[in-house]
Amino acid sequence: MAISQTSNKLILKPINLINLFTTTTTTTTTTATSFASPPPSSECMMEENIKTAERIIHKWNIDRHSHSKFASIFHENNKEAKVFIDCVKRLHRAMLFLASHHSKSDNLTVAQRLMQIAMKRLQKEFHLILTDNHQHLEPESAAILSPSIIGTEEQQKMHVSLCKQPSAIAVSNLWLIADAMISCGYSKECISMYKTVRKSTINEALFHLGIQPYTQSHVKSMTNASHFDNHVKIWLKAVQIAVKTLFNSEKFLCEHVFASHAAIRDLCFEKSTKEEALNLFMFPQLLATRCNKLKSDTVFVLIDLYNSISDLWPEIESIFSNESVSSVKIQALSSLHTLSSSIRTFIDNFHSSIQKNSSKLTVSGGGIHPLNNSVMTYLSSLADYSNSSTALTDDLQRKQHSLFVTSYLDSLNTDEKSHVAVSATFECIIVMLLCKLDMKSKSHNYAALSYLFLANNLHFIIEKVRVTNLKLLLGDEWIAKHEKKLKEYVSSYQLMSWNKVFLCLPENATLSPEEVRDCFRRLCSTFEEVYAKQTSWIVVDEKMREEMKALIANKLVPAYGAFYAKHLMTLSGDERCMRMLTRLSPENMEKYLSGLFLGTSTILRCSQSPHASWIVNVTRFLSLSVMQENTVTRWWLNVPHVRGVLLS
C-alpha cells in the first residue's frame, strides 16, 4: 500500500503485491509534513520523523498489552502493518543521519529506544507468522506425492496438510519483516528466530514421518530387531516427502523471505535443514556398514535404499546446491557409494559361497538340489532390480570375463555396458551353479540317475529364467542353448537305463523256439531290474515327466507288443514263460511305465488282466492240442471269437 495524507487523515492506496519481493524497498509517499523525507542537513525534519515513529511504535508496543491477548498487526490490520514497517525504516534512516551529524543528540537515544521496541514487536510478529503458517508455507511447485505410499492414516493426513497451497500473504509478510529487521541491523535476531521455528517445524515433520536421530549403536540394535524391515520401509517413504516437500519447501521459503539478502538466505536454509538432512542421509550408510554382517537377502534392502537416493539425486543436487549445505550432497553420495560397495560385496560373497559349497547332500530320486533352489530364487529376485540399479554391475565379476568381453564392454555406452555387465554377472553365477550340480551328480550310484538329476535341475533353472526377469537379462538364445543341453541329458539317461531293455528285443526275425524263450526271459528280467531301480526316481516337472514316460513307452511298448504277439504260442508252452506272460503283458508294461518318476517306491505288481490271462490260457491249450492234433483243437480254432483274438 502507498500512503498519502489529506485533511489530516491517512489515505491508503493499493500497490502491486509483486513489488514486495523486489530488492528495492518500497517507500511510502506522503503529501504532508508528518512523513516527508527531510533534507540531509535538516535535523528538525529528522526529529519530526522520530516523533511520528514514536506515536506509531508506541501504539503497537507489546509491553503495553502484556496482560491482554496478543493481536498481530498483520492479522488485524495488514494496511497499518505496512505503515509500521515503513515507519521503522524511516526511523532507521533518521538514526543514521543523527549518528553521523549529531551523535550526542538526545533524539538519537530516543530513536534507539524506539527501534528496540519496534524490533521486539517485529520479532514477535515474525515468530507468530512462522508458527501459525508452518503447514502452509510450501511452494506451489512442490511435488505432491500420492498419499497411498504413506503407511498410517495419521501420516496420510499430515502429508495432505504439508502439500496445501502456500499462503502468498504469509510469505510476503515474512519478507517485509525480515527485510526491515535486516536493514535496521537486527539480522542476528531475525536469523535466530527463523532458525528456531523452522528447524523445529522440520524436526516435527520428520518425527511424524518416523525419522529419528541415527547413531551406530541405534542402527545396530535396529538390525538385530525382528521388525528391521519396517524401519527401512519407514525411511523409504519418509525420504520421498522430506526431499520433494519439506526440504524443497524450505528452499522456496528462504529464497522468498530473504530475497534481498543472499548470504542470509543461504545461512538460514543451512540452519534449518542441514542437521536434519545429514541425519536423514546418514541412515543408509550406517545400515550398509552394519548389513555386511547380516544374512544374504539383506541385499534387497540395500538395493531399495540405493535406488531411492539415486532416483532423488536430481532434487538433492538442486536443493542443496549452495556451498553452505554441500555436506548434505556429500553425505548422500557417500551413502550411495557405501551401499553400492556393500551390494557388490554381497553378490561377490554369494558367488563365492556357491563356489565353496562342499555339501555332500545327495537328493533322493534325482530331484531338485537345495543349492539350485536357493541360488535361482535369489537370482530371480536380484533380476527384478537389474533394470533400475547400476549397483548390480559387479566390477569383481567383470574381471573374471575374458579380455574380449572386457573390450566389448568398453565399446558400449553406459546403459548398454551396465546391462551387458549385469547379464554377464548373472550368467557367470549360473555357470558356477551348473558346475557344482555336475559335481554333485557324481554322488549318485547309477549313471542314469546322475543324468536324471542333471535333467531335473537344468530344467528347473531354464524355467526360472523363462518366467522371471532373468529372461530379459539372459535372452532367448541362452534358453535355447540350455534346452538343447537338457535334451542331451534326457537322451543320456535313456541310453544308460532303458537301452539295455531295448537291446533285449531280437533284431533277427527268424528265431528257434529256444531262442525265443531265452530272449523273452532275458527281456523280462532286464525290464524288472531297470524298473525296480527307478521306482523311487522322480521327474519334478509334470510336463517333462509325461514327455519322458511317453518317450520310453513309444519306443518300448510297440516293439515288445509285436514280439509278444508273434511268439505267444511258443512262449505259452514253457512253464516259466507262462508266469511272465500274464505279469508282463504289453498292457501291463504300459501301466508300469505310466507309474514312473513319481518318487514313490512301488513293487512290480499289476493285477492280472482277465483278457490277457484268458488269452494266455487259451493259447496254451491250443499249443498243447496242436501238438497232439486234437479234433477239439480244430473246433476251437474255428470259433470266430477265439480265432479273431489269436490273429489280432
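Keep in mind that what you see is a predicted model, and the values were worked out from it rather than measured. (Residues numbered from 1 in each chain as written. Predicted model: local features only at pLDDT ≥ 70, side-chain atom pairs only at ≥ 80, totals over all residues. Heavy atoms only, no water.)

With respect to unusual backbone geometry
With the exception of glycine, most residues fall at negative phi, and the peptide bonds are largely trans. One non-glycine residue, phenylalanine 597, lies in positive phi territory at about 65 degrees. In this structure, phenylalanine 597 sits in the loop between α24 (586-594) and α25 (610-628). Judged by relative accessible area, phenylalanine 597 falls into the buried class, the value being 0%. (Helix = DSSP H or I, 4+ residues; strand = E, 2+ residues; numbered from the N terminus. Buried < 20%, exposed > 50% of the residue type's maximum accessible area, 1.4 Å probe, protein only.)

Remarks on the packing of aromatic side chains
Within this structure, the stated rule accounts for 18 aromatic pairs. Seen in terms of ring centroids, tyrosine 446 and tryptophan 537 are 6.3 Å apart; in terms of plane orientation they differ by 45 degrees. Their pairing is tilted. Here tryptophan 537 lies in the loop between α20 (513-534) and α21 (542-566) and tyrosine 446 lies in the loop between α16 (414-441) and α17 (447-467), a separation of 91 residues in the sequence. Here the aromatic rings of phenylalanine 527 and tyrosine 531 are separated by 6.0 Å at their centres, their planes lie at 15 degrees, and the arrangement is stacked. One end of the pair, phenylalanine 527, and the other, tyrosine 531, are both in helix α20, four residues apart, so they sit about a helical turn from each other. For phenylalanine 527, a relative accessible area of 0% puts it in the buried group. Of the residues examined, tyrosine 531 reaches a relative accessible area of 4% and is grouped as buried. (Phe/Tyr/Trp six-rings, centres within 6.5 Å; stacked < 30°, edge-to-face > 60°.)

Details of the side chain of histidine 482
By the element assignment, histidine 482 lies in helix α18 (residues 470-497). When sequence neighbours within four positions are dropped, the list of residues in contact with histidine 482 reads Leu434, Leu458 and Ile462. (Contact = heavy atoms within 4.5 Å.)

Overview of the environment of leucine 593
If you trace the backbone, leucine 593 turns up in helix α24. When its relative accessible area of 2% is taken as the criterion, leucine 593 is described as buried.

Some remarks on the environment of glutamate 488
Here glutamate 488 is to be found in helix α18. Residue classification places glutamate 488 among the partly exposed positions, given a relative accessible area of 38%. In the structure, glutamate 488 is positioned 37 residues away from tyrosine 451 in sequence and 9.1 Å away in space, judged by C-alpha atoms.

Looking at the side chain of glutamate 125
Examined against the element boundaries, glutamate 125 turns out to sit in helix α4 (residues 106-132). Apart from the residues within four sequence positions on either side, glutamate 125 is in contact with Phe70, Ala71, Ser72, Ile73, Phe74 and Ile177.

Quick notes on the state of the cysteines
Counted according to the given criterion, the structure contains zero disulfides. The thiol of cysteine 428 is unpaired, and the distance to the nearest cysteine sulfur, on cysteine 435, comes to 9.5 Å. Here cysteine 428 falls in the buried class, since its relative accessible area comes to 18%. (Disulfide = S-S within 2.5 Å.)

That is the geometry; function is a separate question.
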